[in-house]
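In case you want the letters, here they are:
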Amino acid sequence: MSGEAYDCPKCGGPADMIEGKDTIIRCPSCGDTRIVLSIRTNGDILTLVEGTDTPYELDPAVRSARKALDAVPEGDIGALVDARNALAGAYAESGREVEGELLVRESLDLLKDAFSDSVSRYCNQVSLSAYYAQVRGSNADAIRIYEDALKMLGHMDDPAVAVLKIKRSLLWTRADADAAKKHLEEALEILDHCEASDPYAKVAAYEALRTISVQNGDRESASKYLDLELDERLNLLDADTPASRVAELADSMGRKAEELANAGDKDGAMKILTDAAELTVEVPQANAYAVMNLARYQQSTGSVPEDFAERMDAVIEALADGQDKRTRETLAQAYMFRSMSRDAEDYDGLTKDIGESYSILMDLAYKGDVNEMFLMSAARSYLVLLNMKDQEKARAVRAELAEIGISQMDLDRSSRSSMGNAGKSTRVDIAPRPEKPLPGRRLKRNIKGKQSE
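Only a predicted model underlies this, so the values are computations on that prediction, with no experimental measurement involved.

Conventions used here
- Residues numbered from 1 in each chain as written.
- Predicted model: local features only at pLDDT ≥ 70, side-chain atom pairs only at ≥ 80, totals over all residues.
- Heavy atoms only, no water.
- Helix = DSSP H or I, 4+ residues; strand = E, 2+ residues; numbered from the N terminus.
- Contact = heavy atoms within 4.5 Å.
- pLDDT = per-residue confidence, 0-100.
- 1 Å grid on protein atoms, 1.4 Å probe; cavity = no way out; pocket = protein on both sides within 12 Å on 5 of 7 lines; lining within 4 Å.
- Points joined across faces, edges and corners; volume = space filled by probe spheres on them.
- Nonpolar A, V, L, I, M, F, W, Y, C, P; charged D, E, K, R; others polar.
- Buried < 20%, exposed > 50% of the residue type's maximum accessible area, 1.4 Å probe, protein only.
- Polar contact = N/O pair within 3.5 Å; in protein donor to acceptor, adjacent residues only side chain to side chain.
- Pairing = 2+ DSSP bridges.
- Salt bridge = Lys/Arg side-chain N within 4 Å of Asp/Glu carboxyl O.
- Axes fitted to C-alpha atoms, helices over the stretch in contact; angles between N-to-C directions.
- Left-handed = near helix turned anticlockwise from the far one by under 90°.
- Core = buried A, V, L, I, M, F, W, Y, C linked by side-chain atoms within 4.5 Å.
- Parallel < 35°, antiparallel > 145°, perpendicular 65-115°, else oblique.
- Lys, Arg positive; Asp, Glu negative; His and termini not counted.
- Phe/Tyr/Trp six-rings, centres within 6.5 Å; stacked < 30°, edge-to-face > 60°.

1. Considerations on the overall build of the chain
The helix and strand inventory of the chain stands at 18 helices and 5 strands. A sequence separation of at least 24 residues applies to 53% of the contacts in the chain between residues at least 6 apart.

Here it is as structure tokens:
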């Protein structure tokens, strides 16, 4: 913490912190004061002035937040709550979420008596309290916090209350799907004539209603809410739309295309996928997802365009630096798709593309979260190529796969796989497997190998 300003625990004057075997606050006037650790019964760790129960905060952000809290004018409840929330955030950042949650919940109780003067502020505090409960891993506590607030606020025709109903409903479970649906419908009634601070509030409500309808097997309602969600997203789309929201639009359009395709409307599906690719063209990552949705559909219908390889080049460039699982798996598939547009005699190009796909998926495997069937498909294709000209590398790949519990027998028993245009495929007489692998399927055992690489 070199360079940070500290206060003397005795006189309050400027001091320095000396780190060594002990933590010392050194004041020019008072000398050295030792800071010691104390563990509370709730598991929270405090730092105290030695020989006293006086807390002394070593974290600069916590100290700064405490000073701001001490400076709040008496009687200013709004400023007091804001300062306490800031201190809670500083606690959470320093790993003391328990202290942070206590402060936030205490502030919620403080605002409860004054919520009629500031519904929006109270609703925000409810959401913050529920967020801390979710971080702690208790959606049940979060739902209870929302429901307690809605017992008081549920009758109010206020956009902040509508947003609160939506947030509560996003935590729906099978057991309370009907209650969540009722909250969402009431929220939309409010938002039909009141504008929420979050322009995507109605989008979230429609999306939640769609997923509940899917869960209930109500395809007609699911389709209706998907259409409403899409209309709302398209109405909100402009030059300033955040990239993440543009990517969500591409996903929603992909879902609509899948619905149309399942209903036999191939032209409609192709049109909406093409529109998605055109609408997202100014946002590279979102456009990459849209182009991949279109590419998957074109592959399934055998209508691959002549510039397919160039499209995959653009996708690969757009996603190359992404590190989240979805981006990495999409990138791996883009390499596989590019291999399919290569000449069957282009051994080096095929090996490079499928090798890149395999490497990306193996990196995900070593992180413990990979689509195993996708990995086995890429590995199987890669080994077909390596067996032609590079037996040593093929042995290394087989050994690597064996380390994570995938044998050659597993590869042979996996779904029938063909490797691009290499003209190699193997027929395996086994019981039918799903055409689409289960997303996010984990490997057979935890991997310790490449954790630090």
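The structure having been displayed, the exposition proceeds.
2. Quick notes on the confidence of the model for the chain
Looking at the chain, the pLDDT average stands at 84 and 88% of residues meet or exceed 70. Per-residue pLDDT stays below 50 along residues 415–453; that stretch engages in 75 contacts with residues further than four places along the chain or on separate chains.

3. Regarding the layout of surface pockets
Approximately 340 Å³ is the volume attributed to the second largest pocket. Contributing to the lining of the second largest pocket are 14 residues, with Val214, Arg219, Ala222, Glu259 and Asn262 lying nearest its centre. The set of elements that each furnish at least two residues to the lining of the second largest pocket consists of helix 8 (201–215), helix 9 (219–236) and helix 10 (243–262). With 5 residues, helix 9 is the largest single contributor of residues to the lining of the second largest pocket. Looking at the lining of the second largest pocket residue by residue, the classes come out as 3 nonpolar, 4 polar and 7 charged.

4. Comments concerning the environment of Asn85
Structurally, Asn85 is set in helix 2 (residues 77–93). A relative accessible area of 17% means that Asn85 is categorised as buried. Measuring from C-alpha to C-alpha, the distance between Asn85 and Ala65 comes to 9.2 Å, with 20 residues separating the pair along the chain. Of the polar contacts made by the side chain of Asn85, one reaches the side chain of Gln125; its length is 2.8 Å.

5. Structural notes on the pairing of strand 4 (residues 31–39)
For strand 3 (residues 23–27) and strand 4, the ladder comprises 5 bridges, and the chain directions are antiparallel. In the sheet register, Arg26 faces strand 4, and the bridge partner there is Asp32.

6. A short note on the pattern of salt bridges
Under the definition given, this model contains 31 salt bridges. Linking Asp7 and Lys67 is a salt bridge whose minimum nitrogen-to-oxygen distance equals 3.2 Å. A residue pair is termed long-range when its members are at least 10 positions apart, and Asp7 in strand 1 (residues 6–7) and Lys67 in helix 1 (residues 60–70) qualify at 60 residues. Residue Lys67 is classed as partly exposed on the basis of its relative accessible area of 49%.

7. Considering the environment of Tyr347
Within the element layout of this structure, Tyr347 appears in helix 15 (residues 347–366). Judged by relative accessible area, Tyr347 falls into the buried class, the value being 12%. Excluding residues within four positions of it along the chain, Tyr347 makes contact with Leu385, Leu386, Met388, Lys389 and Asp390.

8. What to know about the packing of helix 12 (residues 284–301) against helix 13 (residues 308–319)
Direction vectors running N to C along helix 12 and helix 13 enclose 145 degrees, while the axes themselves pass 9 Å from each other. Here the hand of the crossing between helix 12 and helix 13 comes out left-handed. Where helix 12 approaches helix 13, its residues Pro284, Gln285, Ala288, Tyr289, Val291, Met292, Leu294, Ala295, Gln298 and Gln299 are matched on the opposing element by Phe308, Arg311, Met312, Val315, Ala318 and Leu319. When grouped by side-chain class, the residues that make up the contact of helix 12 with helix 13 number 12 nonpolar, 3 polar and 1 charged.

9. Here we look at helix 6 (residues 159–169)
Most of helix 6 sits out of view: 9 of its 11 residues are buried. Within the sequence span of helix 6, burial applies to Ala160, Val161, Ala162, Val163, Leu164, Lys165, Ile166, Arg168 and Ser169. Tucked into the core, helix 6 has its buried residues touching helix 4 (119–135), helix 5 (139–153), helix 7 (177–191) and helix 8. By the N-cap criterion, in which a side-chain oxygen at the helix start approaches the backbone nitrogen of a residue two or three places on, helix 6 is capped by Asp158, the distance to Ala160 being 2.8 Å.

10. A closer look at the nonpolar core
One finds Met312, Val315, Tyr358, Leu361, Leu375 and Leu401 to be the most contacted residues of the largest nonpolar core, which totals 48 residues. Discounting chain neighbours no more than four positions away, the residues touching Val315 are Ala288, Val291, Met292 and Ala334. Counting 20 residues, the second-largest nonpolar core is a separate cluster that includes Val119, Cys123, Ile143 and Tyr146.

11. What about the packing of helix 3 (residues 97–112) against helix 4?
With their axes 9 Å apart at the nearest point, helix 3 and helix 4 run at an angle of 155 degrees to one another. On the basis of their axis angle, the class for helix 3 and helix 4 is roughly antiparallel. Where helix 3 crosses over helix 4, the two elements pack in a sense that is left-handed. Residue-level contacts link Glu97, Gly100, Glu101, Val104, Arg105, Ser107, Leu108, Leu111 and Lys112 of helix 3 to Arg121, Tyr122, Gln125, Val126, Leu128, Ser129, Tyr132 and Ala133 of helix 4.

12. With respect to the side chain of Arg328
Relative to the helices and strands, Arg328 resides in helix 14 (residues 325–340). Although Arg328 is buried, it makes no salt bridge; Asp363 carries the closest opposite charge, 4.9 Å away. Setting aside its immediate chain neighbours within four residues, Arg328 contacts Ala320, Gly322, Gln323, Ile360 and Leu364.

13. Quick look at the side chain of Arg233
Structurally, the position occupied by Arg233 is in helix 9. A relative accessible area of 4% places Arg233 in the buried class. Side chain to side chain, Arg233 and Ser252 meet in a polar contact 3.2 Å long. Not counting residues up to four positions away in its chain, the partners in contact with Arg233 are Tyr200, Val203, Glu207, Arg245, Glu248, Leu249 and Ser252.

14. Side note on the pairing of strand 3
Summarising the sheet, strand 2 (residues 14–19) and strand 3 pair through 4 bridges and their orientation is antiparallel. What sits directly across from Met17, in strand 3, is Ile25. Counting the residues that bridge the hairpin from strand 2 to strand 3 gives 3 residues. Counted along the chain from strand 3 to the antiparallel partner strand 4, the turn is 3 residues long.

15. A few points about the packing of aromatic side chains
By the definition in use, this model includes 3 aromatic pairs. Ring centres of Tyr131 and Tyr132 lie 6.0 Å apart, and the angle between their planes is 80 degrees; this geometry places the pair in the edge-to-face category. Tyr131 gets classed as partly exposed once you look at its relative accessible area, which sits at 49%. Note on Tyr132: relative accessible area 9%, which makes it buried. Both rings, one in Tyr358 and one in Tyr382, keep their centres 5.3 Å apart while their planes meet at 40 degrees; by these two values the pair is tilted. On the criterion of sequence distance, the pair formed by Tyr358 in helix 15 and Tyr382 in helix 16 (residues 372–389) is long-range, its members being 24 residues apart. Across the pair, Tyr382 and Tyr358 agree in class, each one buried.

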